[in-house]
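# Geometric and topological summary
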Amino acid sequence: MSKTLEIAIMIVLWMIGNFMISKGIRIFTKKNTGIHITFFSAAIKVIWAILLILAITGMFPLTASLNATLLTSSGLLVAIIGFAAQEVLADVISGLMLSWAKPFDIGEKITIESLNISGFVESMNLRHTVIRTYHNSRLIVPNAVINTAVIENSNYDRHFVGSYLEIPISYDSDLEKAYAIMEEVISSHPLIIDVREDKSVGNKILVLVSKMDETGIILKCTIRTKTLDDNFVACSDIRRQLKKRYDEEGIRFYLNRVKIVS
């Protein structure tokens, strides 16, 4: 059998093995897309590729003797690799640390203030992490850079994401009725999370008077949802429903008006 045919067979077997590795990881992890899964999946594929290269180069006398020398001289091999690929190794080690510590996961929103970066984690491999911005562009950030940065994660504990919702009403509106409608609309929304430890105590959500000034009253409530995307959707739905219900009940939103006297 010619060496060309042997190499072709090795490449085909490598491609089949690569496919089986990806398939096996997906089945074993039950389609889990955490950063530790994506990182180790990439690591296994790199090792598999290195084995292919060693197998092919081992077929030729010159490269086979070089492989044997490098593999038997582990100290020399480490020194050469360490010198030639310092930045790459730093990214790989940082990726390993990030996948182990898990300061963020796939799909979570993170902000790196020192880099002026904010977006959603899309993927992670041995060298870098991909962050999708709000403009749907991708930022390719080396793992070593992220590993040394301060990261703000809106969903770190996988508990909830909170944001404030403020609704301005006029002084001549029925305050108690506005309270009751706002509590009902927010509590009944399917994306709202009840964070009370004892669900039998108190209300699911708490509406407060945030401010009273010369223009009107501001009602304020914290909207808590599982993810940031859910929070945007919930706040939008709640505002729309409150506008409809307040109009039906004669509750007026206050507006800043300028009276011009001629």
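Refer to the structure printed above.
Because the structure is a prediction, the values reported are computed rather than measured.

## Here we look at the pairing of strand β1 (residues 109–112)
What you see with β1 is no split at all: Lys 109 and Thr 111 on one side and Ile 110 and Ile 112 on the other are buried throughout. By the bridge criterion, four bridges tie β1 to strand β2 (residues 117–124) in an arrangement that is antiparallel. The residue bridging Thr 111 from the neighbouring strand is Ser 118, located in β2. The sheet contact formed by β1 and strand β5 (residues 151–153) spans three bridges and is antiparallel. If you follow Ile 110 over to β5, its bridge partner there is Asn 153.

## Details of the packing of helix α7 (residues 175–188) against helix α8 (residues 228–249)
Contact pair α7 / α8: the axes reach a minimum separation of 10 Å and the direction vectors enclose 145 degrees. Like other packed secondary-structure pairs, α7 and α8 cross with a definite hand, here right-handed. Across the interface between the two elements, Lys 177, Ala 178, Ile 181, Met 182, Glu 184, Val 185 and Ile 186 from α7 touch Ile 238, Gln 241, Leu 242, Arg 245, Tyr 246 and Glu 249 from α8. Classifying every residue of the contact of α7 with α8 by side-chain character gives eight nonpolar, one polar and four charged.

## Considerations on the sheet that holds β2
The antiparallel open sheet is built from five strands, whose spatial order is β4-β3-β2-β1-β5. With one partner strand each, in any of the chains shown, β4 (138–142) and β5 form the two edges of the open sheet. Across the sheet, the mean angle separating the axes of adjacent strands is 40 degrees when strand polarity is ignored.

## Looking at the nonpolar core
Buried together is how nonpolar side chains tend to be arranged in soluble globular proteins. The biggest cluster of nonpolar side chains holds 22 residues, and the ones touching the most others in it are Met 182, Ile 186, Leu 219, Ile 223 and Tyr 246. Only β6 (161–169), α7, β8 (217–225) and α8 provide two or more residues apiece to this core. Residues within four places of Ile 186 in sequence aside, it is in contact with Leu 165, Ile 192, Ile 205, Cys 221, Ile 223 and Ile 238. Leu 98, Phe 104, Met 124 and Ile 131 belong to the second-largest nonpolar core, a separate cluster that totals eleven residues.

## Notes on the packing of aromatic side chains
Applying the stated criterion to the full structure yields two aromatic pairs. When the ring of Phe 120 is compared with that of Tyr 134, the centres are 5.8 Å apart and the planes differ by 90 degrees; the resulting orientation is edge-to-face. Of this pair, Phe 120 sits in strand β2 while Tyr 134 sits in the loop between β3 (128–132) and β4; the two residues are 14 residues apart in sequence, bridging distant segments of the chain. Under the relative-accessibility criterion, Phe 120 is labelled buried at 7%. For Tyr 134, a relative accessible area of 47% translates into the label partly exposed. Judged by centre distance (5.5 Å) and plane angle (45 degrees), the rings of Tyr 246 and Phe 253 are tilted. Note on Phe 253: relative accessible area 22%, which makes it partly exposed.

## Concerning a nonpolar patch on the surface
A grouping of Leu 5, Ile 9, Val 12, Leu 13, Ile 16, Phe 19 and Met 20 is seen on the molecular surface, where their side chains present a nonpolar patch of about 660 Å² in accessible area. As for its placement among the helices and strands, Leu 13 is situated in helix α1 (residues 3–28).

## So, the pattern of salt bridges
Counted under the stated rule, the structure contains ten salt bridges. Asp 237 is the salt-bridge partner of Arg 240, the closest N and O atoms lying 3.6 Å from each other. Taken together, the residues Arg 240 and Asp 237, both in helix α8 and three residues apart, mark about one turn of the helix. Exposure remark for Arg 240: the relative accessible area of 55% places this residue in the exposed category. Each member of the salt-bridge network shares a partner with another, and the members are Glu 122, Arg 132 and Arg 138.

Parameters and conventions
Residues numbered from 1 in each chain as written. Predicted model: local features only at pLDDT ≥ 70, side-chain atom pairs only at ≥ 80, totals over all residues. Heavy atoms only, no water. Buried < 20%, exposed > 50% of the residue type's maximum accessible area, 1.4 Å probe, protein only. Helix = DSSP H or I, 4+ residues; strand = E, 2+ residues; numbered from the N terminus. Pairing = 2+ DSSP bridges. Axes fitted to C-alpha atoms, helices over the stretch in contact; angles between N-to-C directions. Left-handed = near helix turned anticlockwise from the far one by under 90°. Contact = heavy atoms within 4.5 Å. Nonpolar A, V, L, I, M, F, W, Y, C, P; charged D, E, K, R; others polar. Core = buried A, V, L, I, M, F, W, Y, C linked by side-chain atoms within 4.5 Å. Phe/Tyr/Trp six-rings, centres within 6.5 Å; stacked < 30°, edge-to-face > 60°. Patch = residues over 30% accessible without salt bridge, like charges linked within 9 Å, V, L, I, M, F, W, Y side chains within 5 Å. Areas by Shrake-Rupley, 256 points an atom, 1.4 Å probe, with all protein chains shown as cover. Salt bridge = Lys/Arg side-chain N within 4 Å of Asp/Glu carboxyl O.

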